[in-house]
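What follows is each chain in one-letter form.
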Number of protein chains: 2
Amino acid sequence: MLYPTPIAKLIESFAKLPGIGIKTATRLAFYTIGMKDEEVNDFAKNLLAAKRELTYCSICGNLTDVDPCNICSDDSRDQSIILVVEDSKDVSAMEKIQEYHGLYHVLHGLISPMNGVGPDDINLKKLLTRLQEESDINEVIIATNTTADGEATSMYISRVLKPAGIKVTRLARGLAVGSDIEYADEVTLLRAIENRTEL
Amino acid sequence: MLYPTPIAKLIESFAKLPGIGIKTATRLAFYTIGMKDEEVNDFAKNLLAAKRELTYCSICGNLTDVDPCNICSDDSRDQSIILVVEDSKDVSAMEKIQEYHGLYHVLHGLISPMNGVGPDDINLKKLLTRLQEESDINEVIIATNTTADGEATSMYISRVLKPAGIKVTRLARGLAVGSDIEYADEVTLLRAIENRTEL
């Protein structure tokens, strides 16, 4: 006998989550048992509701509970610009700064030749369709991560879109605000010098 | 708009767990949405089942789905010895080594003068009742953590039980197996010298 079945099963469920090993799963399961009935009920309900009610926006691919999503159906937003991100968390990060008022496109992945992920494996074809159908769009901002896969995706998209005469930009590379020059990596420093701005 | 309500609620539920901040909660919530329907259903079911079916053994206080627990009701175990631990996870840790075949007593906490937790706030009175009623018991092993609170609890229990003529022991202090003497703290090293054993 190690743990009674109900807690063993709960530990198993927690351990399926990313970054949660068996020890953390055990700690979480025991903690859960000590929570109020109401809180545990809410937790279970929220799990099921999130899974059931959330869907991907049929236009931009963002995670949403209404289709089209609140951003796509918001006429007050700038319809001439699309910001391309890897996933819905990036949309949320951009929305937090409250500075960008255009539309989004969520790729749900990045082109990764190393892992055999090609352009057809991510939500890219839809972007091209949008650009063909919605003639208002005159700029696509690529905001993929600054990793090898992010750069590969960025390069691919710009190569596909530029011949069509669409302005393609990407987020600036440079020093993170609050960071130490001493600790900046060489590539970041190089980009920061290349992209220096006049004061 | 940041996240759609269903996912915001799920993030909130995850963030209530210990050691899970808002960023990890967000990652877990998004991961959950990508899981199979079946897995999410199981997760929710396991949460509710664990909360509903688990209870504390009326004899030893261990977490169990049957009362008395499997250990207390197992006649093949040594009924003359009780090992006292802080919580059910410690019972499981002891059971894993498959060397201890006596009974347990789970305190659900430690005496902690600093935090205002006294002997009456933990499951200690029950231990004394057990010792009075079950005359077979001739040894109590104290296996609380080797922290200040663990030591305080250990001292208190031994002071209460010794006058009653019960043998009280505690787990050995010394070097952890596989550890470096160079990195051992002074107190551990001191205990290791004091408790040295003949070869």
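Residues numbered from 1 in each chain as written. Chains lettered and ligands numbered in written order. Predicted model: local features only at pLDDT ≥ 70, side-chain atom pairs only at ≥ 80, totals over all residues. Heavy atoms only, no water.

If you look chain A up in an unreviewed UniProt entry, it shows as Recombination protein RecR from Streptococcus macacae NCTC 11558. Looking at chain A in UniProt, the text filed under Sequence similarities (unreviewed entry) is "Belongs to the RecR family." (UniProt positions renumbered as here; feature names shortened; annotations may be inferred.)

Asks: How do you make sense of the overall build of chain A when you look at a structure like this?
Replies: A count of helical and extended segments in chain A gives seven helices and six strands. Each helix and strand of chain A, ordered N terminal to C terminal, gives the series α-α-α-β-β-β-α-β-α-β-α-β-α. Counting only C-alpha atoms and orienting by the principal axes, one finds that chain A spans roughly 65 × 45 × 35 Å. Taking all 199 residues of chain A together, 41% fall into the buried category. A fraction of 46% describes how many contacts in chain A between residues 6 or more apart in sequence connect residues 24 or more apart. When the accessible surface of chain A is totalled, it reaches about 11,400 Å², and 51% of it is carbon and sulfur. Put simply, chain A has 21 plus and 30 minus side-chain charges, and the middle of one group is 5 Å from the middle of the other. (Helix = DSSP H or I, 4+ residues; strand = E, 2+ residues; numbered from the N terminus. Buried < 20%, exposed > 50% of the residue type's maximum accessible area, 1.4 Å probe, protein only. Contact = heavy atoms within 4.5 Å. Areas by Shrake-Rupley, 256 points an atom, 1.4 Å probe, with all protein chains shown as cover. Lys, Arg positive; Asp, Glu negative; His and termini not counted. Charge placed at Lys NZ, Arg CZ, Asp CG, Glu CD.)

Asks: Hey, could you run me through the interface of chain B and chain A in this one?
Replies: Accessible area lost during the coming together of the parts is what is often quoted as the interface size. On the side of chain A, 51 residues touch chain B, which itself brings 51 residues to the contact. Among the salt bridges present, the one from E39 of chain B reaches K16 of chain A, with a minimum N-O distance of 3.9 Å. At the junction of chain B with chain A, the criterion picks out ten residue pairs in polar contact (both at pLDDT 80 or more). Elements supplying a minimum of two residues to the side of chain B that touches chain A: helix 1 (5–15), helix 2 (22–34), helix 3 (37–53), strand 2 (63–64) and helix 4 (88–96) of chain B. Partitioned by chemical class, the residues of the side of chain B that touches chain A number 26 nonpolar, twelve polar and 13 charged. (Salt bridge = Lys/Arg side-chain N within 4 Å of Asp/Glu carboxyl O. Polar contact = N/O pair within 3.5 Å; in protein donor to acceptor, adjacent residues only side chain to side chain. Nonpolar A, V, L, I, M, F, W, Y, C, P; charged D, E, K, R; others polar.)

Asks: Help me understand the domain arrangement of chain A, please; the structure alone is not making it clear to me.
Replies: Segmentation of chain A into domains returns domain 1 (5–53) and domain 2 (76–170). Summarising the inter-unit geometry, the C-alpha centres of domain 1 of chain A and domain 2 of chain A are found 35 Å apart. (Domains from an automatic or database assignment.)

Asks: Please explain the sheet that holds strand 4 (residues 103–106) of chain A as it appears in this structure.
Replies: Hydrogen bonds along the backbone pair up the strands of a sheet, which may run parallel or antiparallel. All names here are of chain A. If you trace the four strands from one edge of the open sheet to the other, you get 4-3-5-6, paired in parallel fashion. Each edge of the open sheet carries a strand with a single partner, namely strand 4 and strand 6 (167–170). Between one strand axis and the next, the sheet turns through 25° on average, direction left out of account. In the sheet, strand 3 (residues 81–85) pairs with strand 4 via four bridges, with the strands oriented parallel. When the sheet's bridge partners are listed, I82 is paired in strand 4 with L103. (Pairing = 2+ DSSP bridges. Axes fitted to C-alpha atoms, helices over the stretch in contact; angles between N-to-C directions.)

Asks: Would you take a moment to explain the packing of aromatic side chains for this structure?
Replies: All names here are of chain B. For the structure shown, the criterion picks out nine aromatic pairs over all chains. Here F14 and F43 contribute two aromatic rings whose centre-to-centre distance is 6.4 Å and whose plane-to-plane angle is 50°, an arrangement assigned as tilted. Highlighted residues: F14 in helix 1 and F43 in helix 3, separated in sequence by 29 residues. Residue classification places F14 among the buried residues on the basis of a relative accessible area of 0%. (Phe/Tyr/Trp six-rings, centres within 6.5 Å; stacked < 30°, edge-to-face > 60°.)

Asks: Even after reading the chapter, I still don't get the relation of the copies chain B and chain A, so can you show me in this structure?
Replies: One copy of the chain maps onto the second through a rotation around an axis plus a translation along that axis. With an RMSD of 0.1 Å, chain B superimposes on chain A once it is rotated by 180° and translated 0.0 Å along the axis. Those values place the two copies in the arrangement expected of a two-fold rotation axis. When each C-alpha of chain B is compared by its distance to the rotation axis, A44 of chain B comes out closest, at 2.2 Å. Most of the interface of chain B is mirrored in chain A, where 100% of its interface residues are also at the interface. (Least-squares fit on C-alpha atoms with pLDDT ≥ 70 in both.)

Asks: I would appreciate a short explanation of the UniProt feature "zinc finger region: C4-type" (unreviewed entry) in chain A in the present structure.
Replies: When the UniProt feature table is mapped onto this chain, "zinc finger region: C4-type" (unreviewed entry) is found at residues 57–72 of chain A. Within the segment residues 57–72 of chain A, helix and strand shares are 0% and 12% respectively, and the terminal C-alpha atoms sit 8 Å apart.

Asks: Sorry, what's going on with the pairing of strand 5 (residues 139–142) of chain B here?
Replies: Where a strand is regular, its side chains alternate between the two sheet faces. All names here are of chain B. Across the two faces of strand 5 the burial is the same, with E139 and I141 and V140 and I142 all buried. As paired strands, strand 3 (residues 81–85) and strand 5 are joined by four bridges and run parallel to one another. Note on strand 5: the bridge partner recorded for L83 is I141. Traced from strand 5 through helix 6 (residues 148–161) to strand 6 (residues 167–170), the parallel crossover comes out right-handed. (Right-handed = clockwise from strand over helix to strand, strands pointing away.)

Asks: Quick question: what am I supposed to make of the pairing of strand 3 of chain B here?
Replies: All names here are of chain B. A large share of strand 3 lies buried, amounting to five of its five residues. Residue alternation in strand 3 divides its side chains into two sets, I81, L83 and V85 and I82 and V84, and both sets are buried. A crossover links strand 3 with its parallel partner strand 4 (residues 103–106), the connecting element being helix 4, and its sense is right-handed.

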